[in-house]
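So you can see what is in the structure, the chains are spelled out below.
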Amino acid sequence: MEQLEGRTAFITGGASGIGLGIARALVEAGMQVMIADLRPDHIASAMELFESLQKSRQVAAVELDVTDRAGFARAADEAWARFGGVHVLVNNAGVGVTGSVADTTFADWDWGLEVNLGGAVNGLCTFLPRMIAQGEGGHLVNTASLSAITPPPRGSAVYATAKAALLAMSESIREELAEHRIGVSVLLPGPFKTNIREAGRYRPARYREGSGLGAVEAKLAKREDAPDWADPYDLGRMTVDAIRADRLYVVTHGEFRGWAETRFAEILAAYPPVDPELLKAMGRRRPPRPE
Ligand SMILES: NC(=O)c1ccc[n+]([C@@H]2O[C@H](COP(=O)([O-])OP(=O)(O)OC[C@H]3O[C@@H](n4cnc5c(N)ncnc54)[C@H](O)[C@@H]3O)[C@@H](O)[C@H]2O)c1
């Protein structure tokens, strides 16, 4: 989607961190933006930022929990009523569910999967039919994580599971959406300076009851950002470029490349040699992908 000026983006979790960095960059690129977020305090400070940048006329905000499907439909109605259309959907809202898998309960899995993966599914099912009916093309951005490709070896079962699913979702819908002139990008960020450490404090009661990760979350809430963690506005600008170029993968940290190479080499090494007979039989059912 080369032309962004005058078009509209809807960004979940758009009032803080990476979502806000994307909102800023899209506004700078001339778009109108609706930020949708669970936290009214984040919405208030985000709107103050756009006031101070003298861009508040391009921005609207709506309170939304991405696990609430009826709320999602109302938020979409609001975006269309306010801006007359939506061309870019950014499924970005996410929570950092971390802790030993042995301590992780149903409540923890439900929270992590329902927000990090279910939120994107809800976004897709709410917006895609409307964007297709609008007939003006567009773009979908999913905020995954480098954990989707190289999950930390400990403590990230829920988070990495959800993020790997977002990567697979992005790859598997791309070809179909291209038929509607809707591009797809998946963000694979390394560490950024954001407020994600606070997520546990805002965990809704229904996911708090029975959680095994309360102590980890209380400790995490006090974690300081490392000075070398990246600035979300930079990722916002990378996202603008990816939308314009219809680039599928947006990777922010080259330092993780060696780890990815090791993983891919191990996966490739696990493939058995080609059996020509089987390949012939498979070819009839499912032709090999073109180069
Ligand atoms: N911070 C990092 O280093 C990093 C790295 C890789 C990926 N990510 C991903 O980036 C995305 C944004 O996270 P962030 O780091 O900017 O954190 P953040 O906490 O600064 O921003 C996330 C925003 O999402 C909102 N949110 C949380 N749950 C929500 C819900 N149920 N419905 C609607 N809004 C909700 C929060 O209120 C917050 O404003 C997440 O998907 C996260 O997994 C972050």
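See the structure shown above.
Residues numbered from 1 in each chain as written. Predicted model: local features only at pLDDT ≥ 70, side-chain atom pairs only at ≥ 80, totals over all residues.

**A short note on helix α5 (residues 118-134)**
Between its terminal C-alpha atoms α5 stretches 24 Å, which fits the 24 Å expected from 17 residues at 1.5 Å a residue. In the structure, α5 departs most strongly from a straight axis at Phe127, where the bend amounts to approximately 30° and where the proline Pro129 lies between one and four residues downstream. Turning to α5, its buried residues number three or more, namely Gly119, Ala120, Asn122, Gly123, Thr126, Phe127 and Met131. Of the residues one or two after α5, Gly135 is the one with positive phi, at around 70°. (Helix = DSSP H or I, 4+ residues; strand = E, 2+ residues; numbered from the N terminus. Expected span 1.5 Å × (residues − 1). Bend = angle between axes of the 7 residues up to and from the residue. Buried ≥ 20, exposed ≤ 12 C-beta atoms within 10 Å, placed from the backbone.)

**Structural notes on the packing of helix α1 (residues 17-28) against helix α9 (residues 232-245)**
For the pair α1 and α9, interaxial distance at closest approach is 7 Å and the crossing angle is 55°. Considered as vectors, α1 and α9 are oriented oblique to each other. By crossing handedness, the relation of α1 to α9 is classed as right-handed. Mapping the contact onto sequence places Gly17, Ile18, Leu20, Gly21, Ile22, Arg24, Ala25 and Leu26 in α1 and Pro232, Tyr233, Leu235, Gly236, Arg237, Thr239 and Val240 in α9. Tallied by class, the residues present in the contact of α1 with α9 amount to 9 nonpolar, 4 polar and 2 charged. (Axes fitted to C-alpha atoms, helices over the stretch in contact; angles between N-to-C directions. Parallel < 35°, antiparallel > 145°, perpendicular 65-115°, else oblique. Left-handed = near helix turned anticlockwise from the far one by under 90°. Contact = placed C-beta atoms within 7 Å. Nonpolar A, V, L, I, M, F, W, Y, C, P; charged D, E, K, R; others polar.)

**Description of the site of the ligand**
Taken together, 30 residues are adjacent to the ligand, and Gly13, Ser16, Gly17, Gly94 and Thr194 come closest. Per-element accounting of the shell around the ligand gives the leading share, 3 residues, to α1. By residue class, the composition of the shell around the ligand is 13 nonpolar, 14 polar and 3 charged. (Near = placed C-beta within 6 Å.)

**Concerning helix α4 (residues 106-116)**
Because the α-helix completes a turn every 3.6 residues, residues three or four places apart line up on one side. For α4, the complete set of buried residues consists of Asp108, Trp111, Gly112, Glu114, Val115 and Asn116. Packed against the buried residues of α4 are α5, α6 (157-178) and α7 (205-208).

**Notes on the environment of Ile132**
Tracing the sequence through the fold places Ile132 in helix α5. Here Ile132 falls in the partly exposed class, since 16 other C-beta atoms lie within 10 Å of it. For the pair formed by Ile132 and Ile182, sequence separation is 50 residues and the distance between their alpha carbons is 8.3 Å.

Take it as geometry only, folks, not as evidence of what the structure does.
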